[in-house]
Amino acid sequence: MYIEKIKESINLPETVIIFDTTLRDGEQTPGVAITVDEKIRIAKRLDELGVDTIEVGFPAASGGEMEAARKISEIGLKAQICGLARVIKADIDAAVKCDVDYIHTFVGTSPLHRKFKLKMGKEEILNKAVEAVEYIKDHGIVAEFSAEDATRTEFDYLKEIYIAVEDAGADCINVPDTVGVMIPTSMKWLVRELKKHLNIPISVHCHDDFGLAVANSLASVEAGAEQIHATINGLGERAGNASLEEVVMALITSYGIKMNINTVLLFNISEFVSRITGIKMPPNKAIVGENAFAHEAGIHVHGVLEKAETYEPITPEMVGHTRRIVLGKHTGAKAIKSKLNEYGIETNEEQFGEIFHQIKNLGDKGKKVTGADLKAIAESVLGKAKKEIVKLEEFSVMTGNHVMPTATVKLNIDGVIKTASKTGVGPVDAAINAIQSAVGVTADIELKEYHIEAITGGTNALAEVFVIMGDKNGNRATGRSTREDIVMASVEAVLDAINKILILR
Ligand code: KIV
Ligand code: ZN
């Protein structure tokens, strides 16, 4: 909305070229190594996604890198296939051998790189850059030149080297913010100033050391950059590169720029790359994180159920993701009702109140309540005895490696208080023995079957206990309870079955 107010003051391009470097800078993510076959599979997905260029690796670096670049070039993808090369003939030759369409050549230009890494002067570096571009163009290949650490390079020298490579035939110059030191305003200034002196497209390559890679990339587009380097899931050296999914969705949604990207594939490719690289996305990662379209707070869920746009900037379908209503302590009645409806579970007011109360209680204890948890809780509540003849007043259990598990219960049986303490092989056994002892004198009810199931994984999973109890008259009843505490769930399930039998009598 507010973007409309500044659109006139910025000269937005019709489209932005996406140069994907997941397979090159993305693979430089510490701890990540992608096999040749995996590179091929990722390249095919990137091509389906619609990126313009795929930087497949650094052919001179290893046999595997060469093999991957060659094999991907052979497939005949729509995207241009690019190989990285230093401004060295041998590196360019390695890329040429792979039959790539495009070579991205680079050399450090900042005082730090000149003095400590390259041990070369400005002129020598400029000459090597020019020679490299000329050599690539002699092979009839698209040439992109990067002044590595451009954003810490003296502006006059940076301008001079870019003008020189343009004169040498470069098709595009790239401005790497190698250590992510830029902020959107400085990035905008730099691209705008460079643009005044260059005729070929300007590309940017922003690193995320201060979490500004996407913002800096967008600021560059506002200043006239035609191409952005990005990676799936923001992978890359150190804190990574600009995340492709975030850049693309911001360009489309906030700027209204048309792109070749098939955005519905974004979530899928993010998951795929995550599986292959072993780099999991944090749940709150924009666009592709597990929580990107999840709603928990009652007010938000209410809004989303009425009209999704109230709390969603884009639909999850747009990026192939799904909307999730999460149950927890912030959940409102509307969300729980809508979930129960979705599962076809009907409740009366009292039953709903009990389910609502249990969900809130679990949320207060820091538990994330899943759909399976809700179903189990609802089933326990719906299947509960209609009348509570035996009510639990108090319950305690003691257990440990040097004590015999002992449980004590205080029950209210139709107005009469009964207490009993019993031992057992474990706390659950002790608890059931204590209940049977307190009730048994008058009711003579025995446990026939006992089952327990963890609803979802983890030590804090909800436990669903299912029991069958019977008496000497042949009456049988089932009892069920779902709690985060196994002993409590067992006590409630047993009491539930006992109440059902007492009602039958
Ligand atoms: O970050 C960087 O400077 C690079 C270059 C190779 C372009 O990745
Ligand atoms: Zn980089």
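Structure's up top.
Residues numbered from 1 in each chain as written. Chains lettered and ligands numbered in written order. Predicted model: local features only at pLDDT ≥ 70, side-chain atom pairs only at ≥ 80, totals over all residues. Heavy atoms only, no water.

Undergrad: If you had to explain the overall build of the protein to someone new, which residues and values would you point to?
TA: The helix and strand tally for the protein stands at 17 helices and 16 strands. By the compact-globule yardstick of 23 Å for 505 residues, the protein is too spread out, its C-alpha radius of gyration being 33 Å. Relative to its 505 residues, the protein shows a buried fraction of 51%. Total accessible area on the protein is roughly 23100 Å²; 51% of this is exposed by carbon and sulfur atoms. Distance from the positive charge centre (57 side chains) to the negative charge centre (72 side chains) of the protein: 5 Å. (Helix = DSSP H or I, 4+ residues; strand = E, 2+ residues; numbered from the N terminus. Rg over C-alpha atoms; globule rule 2.2 N^0.38 Å. Buried < 20%, exposed > 50% of the residue type's maximum accessible area, 1.4 Å probe, protein only. Areas by Shrake-Rupley, 256 points an atom, 1.4 Å probe, with all protein chains shown as cover. Lys, Arg positive; Asp, Glu negative; His and termini not counted. Charge placed at Lys NZ, Arg CZ, Asp CG, Glu CD.)

Undergrad: Got a sec to walk through the coordination of the zinc ion (ligand 2)? Specific residues and values, please.
TA: Donor atoms from the polypeptide that bind the zinc ion (ligand 2) are Asp25 (OD), His205 (NE2) and His207 (NE2), placed at 2.0 to 2.1 Å. Of note, the donors binding the zinc ion (ligand 2) are all from one chain and are spaced D-x179-H-x1-H. (Donors = N, O, S within 2.8 Å, 3.2 Å for Na, K, Ca; no water.)

Undergrad: Which residues make up the nonpolar core, and what are the values?
TA: Core analysis: the biggest nonpolar cluster contains 95 residues, and Ile54, Phe145, Tyr162, Val175, Leu244 and Leu251 have the highest contact counts within it. Take this core: its biggest share by element is eight residues, from helix α6 (residues 122-138). Apart from residues lying up to four places away in sequence, Leu251 is in contact with Val16, Leu218, Val221, Ile228, Gly256, Ile257 and Met259. Listed in part, the 30 residues of the second largest apolar core include Ala407, Val487, Ala489 and Ala497. (Core = buried A, V, L, I, M, F, W, Y, C linked by side-chain atoms within 4.5 Å. Contact = heavy atoms within 4.5 Å.)

Undergrad: A description of the sheet that holds strand β1 (residues 17-20) should follow, citing residues and the corresponding values.
TA: One closed barrel accounts for eight strands, arranged β1-β2-β3-β4-β5-β6-β7-β8; its pairing is parallel. Strand-to-strand twist of the sheet, defined as the mean angle between neighbouring strand axes without regard to direction, takes the value 25 degrees. Two strands pair when backbone bridges link them, and strand β6 (residues 172-177) and strand β7 (residues 202-206) are joined in this way by five bridges, in the parallel orientation. Looking at β7, one finds that Asp177 is bridged to Cys206. Strands in contact with helix α10 (residues 244-253) are β1 and β8 (227-230); relative to β1, the strand with the most contacts, it is inclined by about 175 degrees. (Pairing = 2+ DSSP bridges. Axes fitted to C-alpha atoms, helices over the stretch in contact; angles between N-to-C directions.)

Undergrad: Explain the site of ligand 1 to me, and be specific about the residues and the numbers.
TA: The environment of ligand 1 is formed by Arg24, Asp25, His104, Phe106, Ser146, Glu148, Pro176, Thr178, His205 and His207. Between ligand 1 and His205, the relevant distance is 3.1 Å, taken from an oxygen atom to a side-chain nitrogen or oxygen of the residue. With respect to ligand 1, the side chain of His207 contributes an N or O atom lying 3.0 Å from an oxygen atom. In isolation ligand 1 exposes 260 Å². Once the protein is present, 94% of that is buried. Its atoms largely coinciding with the cavity grid, ligand 1 occupies the second largest pocket. Mapped onto the shell around ligand 1, the elements with two or more residues apiece are β4 (102-108) and β5 (142-148). (Near = heavy atom within 4 Å. Polar contact = N/O pair within 3.5 Å; in protein donor to acceptor, adjacent residues only side chain to side chain. 1 Å grid on protein atoms, 1.4 Å probe; cavity = no way out; pocket = protein on both sides within 12 Å on 5 of 7 lines; lining within 4 Å. Sits in = over half its atoms within 2 Å of the grid points.)

Undergrad: Mind laying out the sheet that holds strand β12 (residues 406-413), listing which residues take part and the relevant values?
TA: What the three strands build is an open sheet, ordered β11-β12-β13; its pairing is antiparallel. Each edge of the open sheet carries a strand with a single partner, namely β11 (390-398) and β13 (416-423). Strand-to-strand twist across the sheet, computed as the mean angle between neighbouring axes with direction ignored, equals 15 degrees. Note: β11 against β12, eight bridges, orientation antiparallel. Looking at β12, one finds that Val390 is bridged to Ile413.

Undergrad: So, the packing of helix α9 (residues 213-222) against α10: which residues are in play, and what are the values?
TA: Interhelical geometry of α9 versus α10 gives an angle of 40 degrees and a closest axis separation of 10 Å. With respect to α10, the axis of α9 lies oblique. For α9 against α10, the interelement crossing comes out right-handed. On α10, the residues that touch Val214, Ser217, Leu218 and Val221 of α9 are Glu246, Val247, Ala250 and Leu251. Residues that form the contact of α9 with α10 fall into these classes: six nonpolar, one polar and one charged. (Parallel < 35°, antiparallel > 145°, perpendicular 65-115°, else oblique. Left-handed = near helix turned anticlockwise from the far one by under 90°. Nonpolar A, V, L, I, M, F, W, Y, C, P; charged D, E, K, R; others polar.)

Undergrad: Describe the layout of surface pockets, listing the residues and the values that go with them.
TA: Space inside the largest pocket adds up to approximately 680 Å³. Looking at the lining of the largest pocket, the elements that each hand over two or more residues are α14 (349-364), α15 (371-382), β11, β16 (476-483) and α17 (486-504). Looking at the lining of the largest pocket residue by residue, the class counts come to seven nonpolar, eight polar and 11 charged. Of the domains in this structure, domain 2 (294-382) and domain 3 (390-504) are the two that each give at least three residues to the lining of the largest pocket. If you add up the space inside the second largest pocket, you get close to 250 Å³. Elements represented by at least two residues in the lining of the second largest pocket include exactly β4, β5 and β6. (Points joined across faces, edges and corners; volume = space filled by probe spheres on them. Domains from an automatic or database assignment.)

Undergrad: Break down helix α8 (residues 184-195) for me, with residues and values.
TA: Helix length check: α8 (12 residues) gives 16 Å between terminal C-alpha atoms against 16 Å at 1.5 Å per residue, within 8%. Buried residues of α8: Met187, Leu190, Val191, Glu193 and Leu194, and no others. Along the axis of α8, the buried positions cluster into a sector of 165 degrees, meaning they face one direction only. Looking at the packing, one finds that the buried side of α8 touches α7 (155-167), β6, β7 and α9. (Expected span 1.5 Å × (residues − 1). Arc of directions from axis to C-beta.)

Undergrad: Hey, could you go over the pairing of β12 for me, with residue numbers and the actual values?
TA: The pairing of β12 with β13 spans eight bridges and is classified as antiparallel. Across the sheet, residue Ala407 finds its bridge partner in β13, namely Lys422. Remark: two residues form the turn of the hairpin made by β12 and β13, two consecutive strands paired antiparallel; Asp414 in that turn has positive phi of roughly 50 degrees.

Undergrad: Hey, could you go over empty space enclosed by the protein for me, with residue numbers and the actual values?
TA: Picture a little ball the size of a water molecule; that probe, rolled over the atoms, points out where space is still empty. In this structure the tally under the stated criterion is one cavity of 30 Å³ or more. Taken as a whole, the largest cavity encloses approximately 40 Å³ of empty space. Lining the largest cavity, in full, are Gln358, Asn361, Leu362, Thr482, Arg483 and Glu484. Elements with a minimum of two residues in the lining of the largest cavity: α14 and β16. No other element matches the three residues that α14 contributes to the lining of the largest cavity. For the lining of the largest cavity, the residue count by class is one nonpolar, three polar and two charged. In terms of domain composition, the lining of the largest cavity takes at least three residues from each of domain 2 (294-382) and domain 3 (390-504).

That is the geometry; function is a separate question.
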